[in-house]
Amino acid sequence: MNNKALRQAVAYLRTSSAANIGTDKDSERRQGEAVKEFAHSNGYEIIDSYYDAAVSGADPVTVRPGFSAMLERLLSNGVRTIFVETASRFARDLIVQETGYEMLKSRGIELIAVDSPDSFIGNTPTANLIRQVLGAVSEFEKAMLVEKLRGARERKRRETGKKVGGRRNYAEIDGGPELIALAKKLHRYRVNGRQRTLADVATALADAGYLSSAGTQYTPTAVSRMLASAGNSHAQPLKGKAKSLSSPLEPDAAELKDNMTEVTDPLKRTPLGSRW
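Residues numbered from 1 in each chain as written. Predicted model: local features only at pLDDT ≥ 70, side-chain atom pairs only at ≥ 80, totals over all residues. Heavy atoms only, no water.

*Asks:* I'd like a rundown of the packing of helix α7 (residues 198-207) against helix α8 (residues 220-228), residues and numbers included.
*Replies:* Close contact between α7 and α8 brings their axes to 8 Å; oriented N to C, the two are set at 90 degrees. One finds that α7 runs roughly perpendicular with respect to α8. Contacts from Leu 198, Ala 199, Val 201, Ala 202 and Leu 205 of α7 reach α8 at Pro 220, Val 223, Ser 224, Met 226 and Leu 227. (Axes fitted to C-alpha atoms, helices over the stretch in contact; angles between N-to-C directions. Helix = DSSP H or I, 4+ residues; strand = E, 2+ residues; numbered from the N terminus. Parallel < 35°, antiparallel > 145°, perpendicular 65-115°, else oblique. Contact = heavy atoms within 4.5 Å.)

Here it is in structure tokens:
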């Protein structure tokens, strides 16, 4: 088929667990191959692929780095089709799925799950009901899996007396107390009369050398978890690991003293879709 006749689209890939990321894992490769096979069979050209590694399907789409980068490109280059391997790659939370889907639809962007192409295309009451039911089932399956894994870890903990597996909170990782302390400091004080958003804090942490286990900038959701952690608020950044925060986001001592006030709600969330 002549390439000029091909319709253009992009691929969106997502993997929840950091344990399933890497050259020896098949999550990213499997998703990419499924999308390319469908695109080739249906007259589409995949012009780019965006990947959110170690990002939960329950996170709002607008706080995912890969998805946000993809949306910025789509809004600037005229491409209006996104392929995902399955609907659950897009979202594993019904509210996230529906709000994300409506946001894309309002911008004229078509979302296609290659395992069920009509999931996000049909706009009849029946199609909407089926999509929402499948989204609710996906959310339920995720909750059941999490509960089963939690139960298994608890049984192992009782048998061994030690914590087994599971997501470690940020206070438990290497350098975690320093990371938490810095995140809280960045979020606590106003700069130029405004409070840093969670995204601002994530950017400042990256500038200081603090990245996720996947080597990417922390998401706003991850920052909110740090702010909720009971880390040592007086800990200092690790020497030699974190860079100096001499960026526009970081105030000097005089500004801290004279112009900044503490924020009483450290868990204030960035509203869904506020970037757009």
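Picking up where we left off.
*Asks:* So what's going on with the pairing of strand β2 (residues 44-53)? Residues and values would help.
*Replies:* Of the strand pairs in this sheet, strand β1 (residues 7-15) and β2 are connected by nine bridges, and their pairing is parallel. Counterpart to Tyr 12 in the pairing with β2 is Tyr 50. The parallel pair β1 and β2, bridged by helix α1 (residues 27-41), forms a crossover whose chirality is right-handed. (Pairing = 2+ DSSP bridges. Right-handed = clockwise from strand over helix to strand, strands pointing away.)

*Asks:* Give a detailed account of the nonpolar core, specifying residues and quantitative values.
*Replies:* Core analysis: the largest hydrophobic core is formed by 21 residues, its most contacted members being Phe 67, Met 70, Ile 82, Phe 90 and Leu 104. Listed by contribution, the elements that provide at least two residues to this core are β1, α2 (65-77), β3 (81-84), α4 (94-106) and β4 (110-113). When residues no more than four places from it in sequence are discounted, the contact partners of Phe 67 are Tyr 12, Asp 52, Val 61, Phe 90, Met 103 and Leu 104. With 18 residues, the next largest nonpolar core counts Leu 186, Leu 198, Ala 208 and Leu 227 among its residues. (Core = buried A, V, L, I, M, F, W, Y, C linked by side-chain atoms within 4.5 Å. Buried < 20%, exposed > 50% of the residue type's maximum accessible area, 1.4 Å probe, protein only.)

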